[in-house]
Amino acid sequence: MDRFASHVLTTYPLLILLLTLGLTATDITDVPKFGELINNVTASVGREATLACVVDDLSTYKVAWLRVDTQTILTIASHVITKNHRIGVTHSDHRTWYLHVREVRETDRGWYMCQINTDPMKSQVGYLEVVVPPDILDYPTSTDMVVREGTNVTLRCAATGSPQPTVTWRREGGECIPLGSGQEVPSVEGPVFNITRVNRLHMGAYLCIATNGVPPTVSKRIMLIVHFPPMIWIQNQLVGAQEGQQMTLECHSEAYPKSINYWTRGQGEIIAQGIPSPSTSSSVTITTQPSVSVDQDKSPNDHHKDRNDPGSYHQESNEIMDMADSEKVTGDRGGAADLKLRGGLRDTEKSSSSALKTSVDFQMFIIFTVAILPSNIRTLFAV
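Below you will find a few notes about this structure.

This brings us to the layout of surface pockets. Estimated volume of the largest pocket: approximately 190 Å³. P178, L179, G180, N199 and H202 are, among the 14 residues lining the largest pocket, the residues nearest its centre. Top contributing element to the lining of the largest pocket by residue count: strand β18 (residues 192-195), with 3 residues. Its residues assigned to classes, the lining of the largest pocket comprises 5 nonpolar, 7 polar and 2 charged.

The next subject is the nonpolar core. Here is a general trend for soluble globular proteins: nonpolar side chains tend to be buried in one another's company. Of all hydrophobic cores here, the largest spans 25 residues; its most connected members are V153, W169, F193, V198 and L224. Residue assignment for this core shows that the elements contributing at least two residues are β12 (153-156), β14 (166-171), β18, β19 (204-211) and β20 (218-233). If you tally residues by element for this core, the top one is β20, at 6 residues. Excluding anything up to four places from it in sequence, V153 contacts M145, V147, F193, N194, I195, V198 and L224.

The subject of this paragraph is the state of the cysteines. Per the counting criterion, the structure on display carries 2 disulfides. A disulfide bridge connects C53 with C114, and the sulfur atoms are separated by 2.0 Å. Between C53 and C114, the S-S dihedral sits near -80°, and the bridge is therefore left-handed. Residue C53 is located in strand β3 (residues 49-56), and its partner C114 is located in strand β9 (residues 110-116); the two are separated by 61 residues in the primary sequence. Residues C53 and C114 agree in their burial class; the two are buried. Across the disulfide, C157 is cross-linked to C208 (sulfur-sulfur distance 1.6 Å). Because the torsion about its S-S bond is -45°, the bridge between C157 and C208 counts as left-handed.

By the element assignment, R67 lies in strand β4 (residues 63-67). The buried category is assigned to R67, whose relative accessible area is 12%. At a separation of 3.0 Å, a polar atom in the side chain of R67 contacts the main-chain carbonyl oxygen of T107. At 3.0 Å, the side chain of R67 forms a polar contact with the backbone oxygen of R109. Filtering out sequence-adjacent residues up to four positions away, R67 remains in contact with T72, L74, T107, D108, R109, W111 and Y112.

Reading guide: rules and limits
Residues numbered from 1 in each chain as written. Predicted model: local features only at pLDDT ≥ 70, side-chain atom pairs only at ≥ 80, totals over all residues. Heavy atoms only, no water. 1 Å grid on protein atoms, 1.4 Å probe; cavity = no way out; pocket = protein on both sides within 12 Å on 5 of 7 lines; lining within 4 Å. Points joined across faces, edges and corners; volume = space filled by probe spheres on them. Helix = DSSP H or I, 4+ residues; strand = E, 2+ residues; numbered from the N terminus. Nonpolar A, V, L, I, M, F, W, Y, C, P; charged D, E, K, R; others polar. Core = buried A, V, L, I, M, F, W, Y, C linked by side-chain atoms within 4.5 Å. Buried < 20%, exposed > 50% of the residue type's maximum accessible area, 1.4 Å probe, protein only. Contact = heavy atoms within 4.5 Å. Disulfide = S-S within 2.5 Å. Polar contact = N/O pair within 3.5 Å; in protein donor to acceptor, adjacent residues only side chain to side chain.

This is how it looks when you write it as structure tokens:
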């Protein structure tokens, strides 16, 4: 008997210890333990975030969720302790315990602890990351701008979000953005967009686009209006015609705000009877093609070109704020030629009329000479 007892003590010391303490093998294996780590969770503002805590062999022990930074007890077992109505708890077969955070806010970002009330206490933590879609602030983001050609312009776009958004500038129509030294780029990065010595090619709508990988991407439209004085150009300064032949004088002008164009004779006499009055329409760039024509018909009411009145003609362009899209004016010189002024305006881009408040007058003159040619070279201009 003594030999058997000695053998048992030597071979099964742990069993003898358990019997002495009144414990069983089942008591040892049923101590709760975590089945896996808590996965970090990322959620957008306004969504629901769920953290999962897996516990094996929970038995009669309880699981609690806590907010680490504030040491606030959120839930114990199936009961919500906090007064925050956005917090909830569920479980799956008392093994996986879920902490639900509804309508997530930025303030919910941080560490959360899953705790088992063993002695000593067992716990593990998981992180809730809250992301915020980008947003463009009205201030200090730039608004629509009206500038003079040749000045420096700075466009700003203030964006918030988490992570911090990146800002890209593009033209609304997809055109390239002209830079210095004749370079052009499809876009410009950064919250500040500087344009040195702005010119008419920069005029148009720009989009400030903010993105941080969290949908949706947002943008703001900023209209850049560039004022520049009228510029006039022609294809032919000298135009010849036979006596009695119909002819056309043509010039082109470009200006913003819109210019009003009219023809004058050598002594400054305005050919048209009156100047078109401004309208409420507006545009970015306009091109006019006024012409002075001499009718070929020799009836008493429609005179032919008089050999005694070769003359020279001026096309004047005065800058105004607005002008109708097309104007046609006819003037009777009384015994001289029946001269018609035709002006056609072409809008290339429209802008807000609220930006058009002031006017600067500018005049340019182009001399058109109508020559009565000798008979021996008239055939060169025959119709």
